[in-house]
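Analysis of the macromolecular model
Single-letter residue listing:
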Protein chains: 2
Amino acid sequence: MLTEFGLIDRFFTRPRTDASHRLHTDTGPQALAPTPDVPSHTALGIGDDCALLMPAPGKQLAISTDMLVAGRHFFADVEPHALGHKALAVNLSDLAAMGAQPRAFTLALALPEAGEAWLQGFSEGLFALADRYACELIGGDTTAGPLNICITVFGEIEPGRALTRDAARSGDDIWVSGQLGDARLALGAARQEWQVDSADLPGLRRALERPEPRIALGLALRGLAHAALDLSDGLAGDLQHILKRSGLTACVDIDALPRSAAVARQTPAIQRLCTIAGGDDYELCFTAAPAARERIAALSTTLALPLTRIGTIRDAVLAAPQPPPARPRPLINWVDADGKPLPDTLTNTFHGFDHFDAD
Amino acid sequence: MLTEFGLIDRFFTRPRTDASHRLHTDTGPQALAPTPDVPSHTALGIGDDCALLMPAPGKQLAISTDMLVAGRHFFADVEPHALGHKALAVNLSDLAAMGAQPRAFTLALALPEAGEAWLQGFSEGLFALADRYACELIGGDTTAGPLNICITVFGEIEPGRALTRDAARSGDDIWVSGQLGDARLALGAARQEWQVDSADLPGLRRALERPEPRIALGLALRGLAHAALDLSDGLAGDLQHILKRSGLTACVDIDALPRSAAVARQTPAIQRLCTIAGGDDYELCFTAAPAARERIAALSTTLALPLTRIGTIRDAVLAAPQPPPARPRPLINWVDADGKPLPDTLTNTFHGFDHFDAD
């Protein structure tokens, strides 16, 4: 069994490559002044009581933390390289949803045992993704305990440019990136809820285990989109966060939801479940003025990433005079491609997958 | 069972008091410019993909993360109010050790069940301490899972003024705050390793469950102390971090280690174990030039906190010519009040409580 410090030295302390050249321990005033061509500056990384981080002058730090628990967020026997990737990816996805540039992260890790093969794979998967975004590990904590991974990420953004959830406007288009439902379809296949073609499995498993944070998209949406968030709990639940914070409602065309051929091969009920109430997509959902459609289409081409218009933001309905309705009025009006509202008996099942309806 | 969002709303979303007046969601450029009399500025807190935090102009952020696991860092049945206090206290202690001013924190929480009484006590204990330091909860994550608390804290400090571990100088005095060993004595009593007077129990339990982060001391030591850290794993292990990072050795007088009457009533062996190899003290250990003795004594009076000189930093012994010694040369020379070195058979047991000796 490795000791805590042996473990950190061996798997989580990086050689000083180009990507980590900003890590040093000279804490003199000159050394700490941000240099013009280095947007962020880590003055001190792993090995002291705290890391020291200085955002570039005038920039804000965007901060998010996510905790992943074995058996709940991932199968305990998942490939450790994929888990290292995903643990950081879901956090970077939160930075993407704000339009922030990744800079650094901390890692707290509870491990049942310090298995070397597992740690090797996990740290490689983690750093492979971190290096792609020059996102530096600046501190952390390791302990024995039931497997638990808690990452806190730090990104930079100019004040006033963050893509918040409260910024949707009536008349905005609603967009999503990529395809929805692949991760949920993979999960259901693993749980034997349904069957998928064996030829589809590798792609679906990749969607579930190696989500791609939409960093480039988030950065490009600053000044173009209004509200944004990342889809982690499923469209039906997540879109409501934008609507509640913005005080608005939405109409969504379920037939417009982008889906893979693998999802499209399933029954309509499974397709709906995966695209509307499935989680773990880590695509961005954002709103933008109709005038931005051409620029968004061009962006989709530039990024080689599908961006699909799925609905419209609408005014909130005025509060009904009392007595209040027995059931809160839904914030999302689900329609099909012909604009026909879906029956309540169906949309009620969408809401069954989130817990935000009855507040 | 509460839902995740109900839980956050009920226990972790604060009313806008004076202490949290900086929390708002106006992300316009004017609103986000730090105002002169508000050192730090939280532009956006709980409820979006990320929190937005802007350090005061010219300040660095000191960042630390600690994960607490049930059964390892605390008894699963510990009073939740005390646990809320301690979870934040151990993180604030890292800020204290750098001389940083607390500003904000994130909380990730895995819970076996969302028991309301437990959450009520935990959040009250957490916020009671947070409010004393105007340290604002800016984001987090909650999930089901084996009880695990991961807090990341953010403090502010002027570049170049942080109390790092690598800054000890040969000839420095070594100081510790407060008393050492009470927490370890309480733990041993709970584990029935030894007995303590029942009259001592409340004070010992308080030391174990409600450690006091030495924030005021850390702030006052900027410009006065050289190296510093907080004692979480026991003096023998923790002091070595300073020595290794500074490339120096130390001589420590074990009879000078400050201890409570409760510890002093134990056998010499138990006293040594608790003061030297016991963990969970969360006192500061720091080094300073002998010329600073008077100012440090005055600081002790001002803070009403004992500050005790326990030893001296010495030059590193030059590396021996080969062959290397069979066992690495110890970095700490333990002596008694007469300056007499303790026998190896004894000091070897000190090192038995840390894992850092054999690298």
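In short, a report on the structure. What you are looking at is a predicted structure, and each value in this text was computed from that prediction instead of being measured.

Definitions and cut-offs
- Residues numbered from 1 in each chain as written.
- Chains lettered and ligands numbered in written order.
- Predicted model: local features only at pLDDT ≥ 70, side-chain atom pairs only at ≥ 80, totals over all residues.
- Heavy atoms only, no water.
- Helix = DSSP H or I, 4+ residues; strand = E, 2+ residues; numbered from the N terminus.
- Buried < 20%, exposed > 50% of the residue type's maximum accessible area, 1.4 Å probe, protein only.
- Contact = heavy atoms within 4.5 Å.
- Areas by Shrake-Rupley, 256 points an atom, 1.4 Å probe, with all protein chains shown as cover.
- Phe/Tyr/Trp six-rings, centres within 6.5 Å; stacked < 30°, edge-to-face > 60°.
- Pairing = 2+ DSSP bridges.
- Axes fitted to C-alpha atoms, helices over the stretch in contact; angles between N-to-C directions.
- Buried area = accessible area lost by both parts, 1.4 Å probe.
- Salt bridge = Lys/Arg side-chain N within 4 Å of Asp/Glu carboxyl O.
- Polar contact = N/O pair within 3.5 Å; in protein donor to acceptor, adjacent residues only side chain to side chain.
- Nonpolar A, V, L, I, M, F, W, Y, C, P; charged D, E, K, R; others polar.
- Left-handed = near helix turned anticlockwise from the far one by under 90°.
- Least-squares fit on C-alpha atoms with pLDDT ≥ 70 in both.
- Expected span 1.5 Å × (residues − 1).
- Core = buried A, V, L, I, M, F, W, Y, C linked by side-chain atoms within 4.5 Å.

Here we look at the overall build of chain A
Within chain A, the secondary structure is distributed over 12 helices and 12 strands. Evaluated residue by residue, chain A yields a buried proportion of 58% over its 359 residues. Once local pairs closer than 6 in sequence are excluded, the contacts in chain A between residues at least 24 apart make up 81%. Counting every atom, chain A has about 14,600 Å² of accessible surface; 52% of that belongs to carbon and sulfur.

Some remarks on the packing of aromatic side chains
All names here are of chain B. Here the structure, examined in full by the defined rule, presents seven aromatic pairs over all chains. Between the aromatic rings of Phe12 and Phe122, the centroid separation amounts to 6.5 Å while the plane-to-plane angle is 70°, which identifies the pairing as edge-to-face. Of this pair, Phe12 sits in helix α1 (residues 4–12) while Phe122 sits in helix α4 (residues 116–132), and the two are 110 residues apart along the sequence. We note that Phe12, like Phe122, is buried. Three or more aromatic residues joined by ring pairs form one cluster here, namely Phe12, Trp118, Phe122 and Phe127.

Let's talk about unusual backbone geometry
Residue and element names in this part refer to chain A. The phi dihedral of Ala134 falls on the positive side, at around 50°, and the residue is not glycine. Relative to the helices and strands, Ala134 resides in the loop between α4 (116–132) and β5 (136–144). The exposure class of Ala134 is partly exposed, given its relative accessible area of 33%.

Quick look at the sheet that holds strand β11 (residues 307–315) of chain B
Residue and element names in this part refer to chain B. Reading across the sheet, the six strands line up as β8-β10-β7-β11-β9-β12 and stay open at both edges, with mixed pairing between neighbours. Two strands in the sheet have a free side with no partner beyond their single neighbour: β8 (228–230) and β12 (332–335). Ignoring strand direction, the axes of neighbouring strands in this sheet form an average angle of 25°. In terms of strand pairing, strand β9 (residues 248–253) meets β12 through four bridges, oriented parallel. Looking at the pairing, Ala250 lines up with Ile332 of β12. Together, β8 and β10 (284–288) form the strand contacts of helix α3 (residues 80–98), whose direction differs from that of β8 by roughly 175°.

Overview of the interface of chain A and chain B
If you look at the interface, chain A gives 64 residues, while chain B gives 64 residues. Each partner contributes to the roughly 5,100 Å² buried at the junction of chain A and chain B, and carbon and sulfur atoms together form 61% of this total. Its largest share of buried area at the contact with chain B, chain A owes to Asp49, Ile63 and Met67 of chain A, together 13% of the area lost on that side. Connecting chain A to chain B are four salt bridges. Salt-bridge contacts for Asp49 of chain B lead to Arg165 of chain A; the nearest nitrogen and oxygen are separated by 3.1 Å. Between the two partners, chain A and chain B, sit 15 residue pairs in polar contact (both at pLDDT 80 or more). Looking at the side of chain A that touches chain B, the element that brings in the most residues is strand β3 (residues 60–69) of chain A, giving nine residues. Taken together, the residues of the side of chain A that touches chain B break down into 34 nonpolar, 19 polar and 11 charged. Bridge count between strand β2 (residues 51–54) of chain A and strand β3 (residues 60–69) of chain B: three bridges; the pairing is antiparallel.

Describing the sheet that holds strand β11 (residues 307–315) of chain A
Residue and element names in this part refer to chain A. Taking strand neighbours across the sheet as the criterion, the six strands line up as β8-β10-β7-β11-β9-β12 in an open arrangement whose pairing is mixed. Either end of the sheet is taken by a strand with one partner, and the two such strands are β8 (228–230) and β12 (332–335). The mean inter-strand angle of the sheet, taken between neighbouring strand axes irrespective of direction, is 25°. Strand direction decides the pairing type here: strand β9 (residues 248–253) and β11, joined by five bridges, are antiparallel. Paired with Cys251 across the bridge in β11 is Thr312. Across the sheet, helix α3 (residues 80–98) touches β8 and β10 (284–288), and the angle it forms with β8 is around 175°.

A few points about the packing of α3 of chain A against α4 of chain A
Residues and elements named next belong to chain A. Where α3 contacts α4, the two axes come as close as 6 Å, and the packing angle between them is 40°. Where α3 crosses over α4, the handedness of that crossing is right-handed. Here Pro80, His81, Leu83, Gly84, His85, Leu88, Ala89 and Leu92 of α3 come into contact with α4, specifically with Trp118, Gly121, Phe122, Glu124, Gly125, Leu126, Leu129, Ala130 and Arg132. Taken together, the residues that form the contact of α3 with α4 break down as 10 nonpolar, five polar and two charged.

Examining the relation of the copies chain A and chain B
The two copies are related by a screw operation: chain A maps onto chain B through 180° of rotation and 0.0 Å of translation along the axis, at an RMSD of 0.0 Å. Viewed as a symmetry operation, the transformation between the two copies matches a two-fold axis. Of all interface residues in chain A, 100% are interface residues in chain B too; the two copies therefore contact each other through one and the same surface.

Structural notes on α4 of chain A
The terminal C-alpha atoms of α4 of chain A lie 24 Å apart, and with 17 residues this matches the ideal 24 Å at 1.5 Å per residue to within 8%. Ala134 of chain A occupies a position one or two residues after α4 of chain A and carries a positive phi of about 50°.

Looking at the nonpolar core
Most often, soluble globular proteins have nonpolar side chains that are buried together. Ranked by internal contacts, the top residues of the largest apolar core, which has 60 residues, are Phe12, Ile149 and Phe286 of chain A. For this core, the leading source of residues is α3 of chain A, giving 10 residues. Counting 58 residues, the second largest nonpolar core, distinct from the first, contains Tyr133, Ala225, Tyr282 and Ile296 of chain B.

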